[in-house]
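One letter stands for each residue in the lines below.
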Amino acid sequence: MPTYFAVPDFSLTERSGKTITLRDLAGKVWVADFIFTNCGGTCPVMTEKMRTLQDVLPSGITLVSFTVDPSRDTVEILSGYARKYGADENRWLFLTGNKQALYDLSVKGFKLALDDTSGTVAEPITHSTRFVLVDQKGMIRGYYSGTEDEDLKRLSSEAKKLL
């Protein structure tokens, strides 16, 4: 499995109100995605797929959803969204925070596209639909379609190998 980039440090707020940094994920294998709760396009599909991963991956693998719409996605909104999708609060984090920090994390840190200037009514923020696999040392180990079942099977297999 390749090793791509180190995830840069971050300090964001989880739906519980707790501050989460990269250090909180040290020693854990995790899967990240970037979504927003009022998305009328791919985000609900991605969140359903992440829910599937929650059900099939070993409990030692953490899931992390970063919002790309922090002005709207408050801890309360993220908490309701997480409940709607049956997210396990012990292993699936929903993070919000400073918009620039989140955008930098997506574009510069995870190397994922993100643009809030040219979207559609249903999807006003254009963002990557990739899931990203991160190892215990905070290194990105793989990119996968967040909407394609075959890619999710590959992600599941590769994530288990990192444990």
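Residues numbered from 1 in each chain as written. Predicted model: local features only at pLDDT ≥ 70, side-chain atom pairs only at ≥ 80, totals over all residues. Heavy atoms only, no water.

Trainee: Which parts of the structure should I look at to understand unusual backbone geometry?
Mentor: Backbone phi values are negative for most residues with the exception of glycine, while trans is the configuration of most peptide bonds. We note that Lys111 has phi near 60 degrees; this positive angle belongs to a residue other than glycine. Inspection of the secondary structure puts Lys111 in the loop between helix H3 (99–109) and strand S6 (114–115). By relative accessible area, Lys111 is classed as partly exposed at 44%. (Helix = DSSP H or I, 4+ residues; strand = E, 2+ residues; numbered from the N terminus. Buried < 20%, exposed > 50% of the residue type's maximum accessible area, 1.4 Å probe, protein only.)

Trainee: It is not clear to me how the packing of aromatic side chains should be interpreted in this structure. Could you clarify?
Mentor: A ring pair, where both rings are aromatic, is described by two values, the distance of the centres and the angle of the planes. Evaluated as defined, the whole model comprises ten aromatic pairs. Judged by centre distance (4.8 Å) and plane angle (55 degrees), the ring pair of Tyr81 and Tyr85 falls under tilted. Judged on exposure class, the residue Tyr81 and its partner Tyr85 are both buried. Here the aromatic cluster, defined as three or more aromatic residues joined through ring pairs, consists of Phe10, Trp30, Phe34, Phe66 and Phe110. Between the NZ or CZ atom of Lys99 and the centre of the ring of Tyr103, over which it lies, the distance is 5.2 Å. The ring of Phe5 carries the charged tip of Lys111 above its face, separated from the ring centre by 4.9 Å. (Phe/Tyr/Trp six-rings, centres within 6.5 Å; stacked < 30°, edge-to-face > 60°. Lys NZ or Arg CZ within 6 Å of the ring centre and 35° of its normal.)

Trainee: Sorry if this is basic, but what is going on with the environment of Gly138 here?
Mentor: By the element assignment, Gly138 lies in the loop between strand S8 (130–134) and strand S9 (140–145). Along the chain, Gly138 and Lys28 lie 110 residues apart, while their C-alpha atoms are 8.4 Å from each other. Those residues in contact with Gly138 that lie beyond four places of it in its chain are Phe5, Ala6 and Val7. (Contact = heavy atoms within 4.5 Å.)

Trainee: What am I meant to see in the side chain of Arg141 here?
Mentor: Take Arg141: it is sitting in strand S9. Judged by relative accessible area, Arg141 falls into the buried class, the value being 15%. A polar side-chain atom of Arg141 sits 3.2 Å from a polar atom in the side chain of Thr3. Non-local contacts of Arg141, meaning those with residues more than four positions away in its chain, are made with Met1, Pro2, Thr3, Tyr4, Leu133, Asp135 and Leu162. (Polar contact = N/O pair within 3.5 Å; in protein donor to acceptor, adjacent residues only side chain to side chain.)

Trainee: Can you help me understand the sheet that holds strand S4 (residues 61–67) in this one?
Mentor: As a general point, the strands of a sheet are linked pairwise by backbone hydrogen bonds and lie either parallel or antiparallel. Reading across the sheet, the seven strands line up as S2-S1-S5-S4-S3-S8-S9 and stay open at both edges, with mixed pairing between neighbours. Of all strands in the sheet, those with a lone pairing partner are strand S2 (19–21) and S9, marking the two edges. With strand direction ignored, the average angle separating the axes of adjacent strands in the sheet is 35 degrees. (Pairing = 2+ DSSP bridges. Axes fitted to C-alpha atoms, helices over the stretch in contact; angles between N-to-C directions.)

Trainee: Mind showing me how you'd approach helix H4 (residues 149–162) here?
Mentor: Spacing of three or four residues puts side chains on the same side of an α-helix, whose turn is 3.6 residues. With 14 residues, H4 extends 20 Å between its outermost C-alpha atoms, agreeing within 8% with the 20 Å of an ideal straight helix rising 1.5 Å per residue. If you check which residues of H4 are buried, you get Asp151, Leu152, Leu155, Ser156, Glu158, Ala159 and Leu162. On its buried side, H4 packs onto strand S3 (29–35), helix H1 (43–56), S4, S8 and S9. (Expected span 1.5 Å × (residues − 1).)

Trainee: How do you make sense of the nonpolar core when you look at a structure like this?
Mentor: Soluble globular proteins tend to pack their nonpolar side chains together in the buried interior. Val7, Phe10, Trp30, Val31, Leu53, Phe66 and Phe110 are the most contacted members of the largest nonpolar core, which totals 51 residues. Sequence-distant contacts of Val31, that is, excluding residues within four places in its chain, are made with Met50, Leu53, Leu57, Ile61, Thr62, Leu63, Val64, Phe131, Val132, Leu133 and Leu155. (Core = buried A, V, L, I, M, F, W, Y, C linked by side-chain atoms within 4.5 Å.)

Trainee: What's the story with the state of the cysteines in this structure? I'm lost.
Mentor: What we call a disulfide is simply a covalent bond connecting the sulfur atoms of a pair of cysteines. A full pass over the atoms with the stated rule returns zero disulfides. No disulfide involves Cys39; its sulfur sits 3.0 Å from that of Cys43, the nearest cysteine. (Disulfide = S-S within 2.5 Å.)

It is worth stressing that arrangement in space is one thing and function is another; only the former is reported here.
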